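Overview (structure and organization)
The chain contents come next:
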Amino acid sequence: MKKRALSGLLKLDGPLLSILSLLIAIVISGVIMAVCGYNPIEAFGAILAGSFGSQRAIVQTLTQATPLIFTGLAFAFAKKASLINLGAEGQLYMGALASAAVGMLDLGLPMALHLPLAVAAGMAAGGLYAGLVGVLKVKFGSNEVIATVMLNSIATYLVDYLLNGPMLAENSSVAQTERVLETAQLPRIFQQLTIAILLAVAACILVKLFMDRTALGYEIRAVGLNPDAAETAGISKAKVTIVALCISGCIAGLAGASHVLGVDRRLINGFSNDYGFSGISVAALAADSPVGVIFAGIVFGALRAGTMELNRTTSIPVEFVNVIQAMVVILVAAPLLVKELKRLNPAGWSRKTKKEVA
């Protein structure tokens with residue numbers, strides 16, 4: 001009986017594992033709330049009302065989901081090449097900085113040219129910042145996890161310095177730039193929701209097509225599955241590492257660009273609500289699927305939007321929403337870790353399982 005249940009759990013993968021993990025995370029979080037003396041039904045009711053209870057709530061959910069889709073896709077893309085990009089936050093900041101700088105320049109260009117140029121600047125800045133990590137890894141054997149985390153701090157401190165000094169808006173008491181020109185502003189659909197949500201969905205679909213139907217996409221997947229076998233087949237692991245991190249950084253930079261050019265329409269210090277790091281949770285819930293990132297981003301966007309309603313209408317601490325996110329990552333990662341251990345040592349696992357069943 002135990003063996004069948006364990007085998008069934010290990011067979012779960014992709015969407016099924018993600019949905020089950022989300023449901024269990026909600027149940028566990030509800031139990032923790034109840035133990036702490038709070039009403040979980042009231043909490044989840046407030047979250048649901050704040051995320052889908054009205055037109056304004058839905059708009060807020062999609063607005064919050066937009067950068068999460070970008071950063072989740074950035075993490076998932078790097079993961080396809082067996083790379084852990086924890087630098088989406090820094091790449092997002094660099095993308096926002098470059099987009100703001102280009103967006104404020106009066107180049108005399110129409111929107112059809114100025115807006116794409118500002119967006120491209122953000123993508124290029126994020127891509128180059130992530131590509132630096134790839135070069136350090138290939139040339140000097142640097143660990144991409146440590147390098148990306150350290151570069152996050154450099155990016156945020158650089159933006160902090162510029163917004164409190166050279167790029168500070170005139171007569172502003174807040175660390176922010178001047179507004180970007182109208183020719184560089186992303187059109188809004190409703191309130192703060194811009195066409196960036198459409199760009200995010202399109203990016204996920206394009207990445208899916210890129211990975212499945214292009215030679216470079218095949219090389220990235222091959223290196224991610226088995227680097228040694230890929231190199232034996234003539235695929236350059238060094239090239240794939242740099243290219244994968246560059247593309248991942250471009251996507252993260254696009255998150256920063258979309259926020260600056262669409263939501264705030266200027267670069268404000270501390271604008272990111274940990275969008276870069278939350279992208280890890282989004283990618284985990286999506287099981288690193290580019291299309292799954294769309295739905296996972298909306299789920300976490302709904303949690304963020306619902307948090308505002310939870311904070312406004314109840315006395316329940318909003319930190320419980322962070323518990324839900326953390327439990328999702330843990331519950332998704334645990335079966336995958338068990339599968340990896342089983343793959344590495346199938347004989348030992350089999351003996352251990354038989355012993356436990358007996």
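Residues numbered from 1 in each chain as written. Predicted model: local features only at pLDDT ≥ 70, side-chain atom pairs only at ≥ 80, totals over all residues. Heavy atoms only, no water.

Some details on the overall build of the protein
The secondary structure content of the protein amounts to 15 helices and 2 strands. Taking all 358 residues of the protein together, 47% fall into the buried category. (Helix = DSSP H or I, 4+ residues; strand = E, 2+ residues; numbered from the N terminus. Buried < 20%, exposed > 50% of the residue type's maximum accessible area, 1.4 Å probe, protein only.)

Topic: the environment of Leu193
Among the structural elements, Leu193 can be located in strand S2 (residues 193-194). Its relative accessible area of 6% is what places Leu193 among the buried residues. Separated by 69 residues in sequence, Leu193 and Gly262 place their C-alpha atoms 7.8 Å apart. In this view, Leu193 contacts Val59, Leu62, Thr63 and Arg188; residues no more than four positions away in its chain are not counted. (Contact = heavy atoms within 4.5 Å.)

A few points about the packing of aromatic side chains
Considering all chains together, one arrives at 3 aromatic pairs under this definition. Note on Tyr93 and Phe271: the rings are 5.0 Å apart at their centroids and 50° apart in plane angle, and the pair reads as tilted. Of this pair, Tyr93 sits in helix H5 (residues 88-104) while Phe271 sits in the loop between helix H11 (237-264) and helix H12 (275-285); the two residues are 178 residues apart in sequence, bridging distant segments of the chain. (Phe/Tyr/Trp six-rings, centres within 6.5 Å; stacked < 30°, edge-to-face > 60°.)

Here we look at empty space enclosed by the protein
This structure, assessed with the given rule, holds 2 cavities of 30 Å³ or more. Roughly 60 Å³ of volume is contained in the largest cavity. Secondary structure elements with two or more residues in the lining of the largest cavity: helix H4 (55-80), S2 and H11. Sort the elements by how many residues they give to the lining of the largest cavity and H11 lands first, with 4 residues. The residue inventory of the lining of the largest cavity, partitioned by class, reads 5 nonpolar, 6 polar and no charged. There is about 40 Å³ of room inside the second largest cavity. Secondary-structure elements contributing two or more residues to the lining of the second largest cavity are H4 and helix H8 (196-213). Residue contributions to the lining of the second largest cavity peak at 4 residues, all from H4. A per-class count over the lining of the second largest cavity returns 6 nonpolar, no polar and 2 charged. (1 Å grid on protein atoms, 1.4 Å probe; cavity = no way out; pocket = protein on both sides within 12 Å on 5 of 7 lines; lining within 4 Å. Points joined across faces, edges and corners; volume = space filled by probe spheres on them. Nonpolar A, V, L, I, M, F, W, Y, C, P; charged D, E, K, R; others polar.)

Observations concerning the environment of Leu92
The topology assignment puts Leu92 in helix H5. In the structure, Leu92 is positioned 184 residues away from Gly276 in sequence and 7.0 Å away in space, judged by C-alpha atoms. If near-sequence neighbours (up to four positions away) are discounted, Leu92 is found in contact with Thr71, Ala252, Gly253, Ala255, Gly256, Phe271, Ser272 and Tyr275.

Topic: H5
Given 3.6 residues to a turn, an α-helix orients residues that are three or four positions apart in the same direction. Between the first and last C-alpha of H5 there are 24 Å, a value that for 17 residues agrees with the 24 Å anticipated at 1.5 Å per step. H5 sits mainly inside the fold: 15 of its 17 residues count as buried. (Expected span 1.5 Å × (residues − 1).)

A few points about the packing of H4 against H11
Their axes nearest at 7 Å, the elements H4 and H11 cross at an angle of 170°. Comparing their axes, H11 and H4 come out roughly antiparallel. Of the residues in H11, those touching H4 at Thr63, Thr66, Pro67, Phe70, Thr71, Leu73, Ala74, Phe75, Phe77 and Ala78 are Ala244, Ile247, Ser248, Ile251, Ala252, Leu254, Ala255, Ser258 and Val263. Across the contact of H4 with H11, the residue classes break down as 14 nonpolar, 5 polar and no charged. (Axes fitted to C-alpha atoms, helices over the stretch in contact; angles between N-to-C directions. Parallel < 35°, antiparallel > 145°, perpendicular 65-115°, else oblique.)

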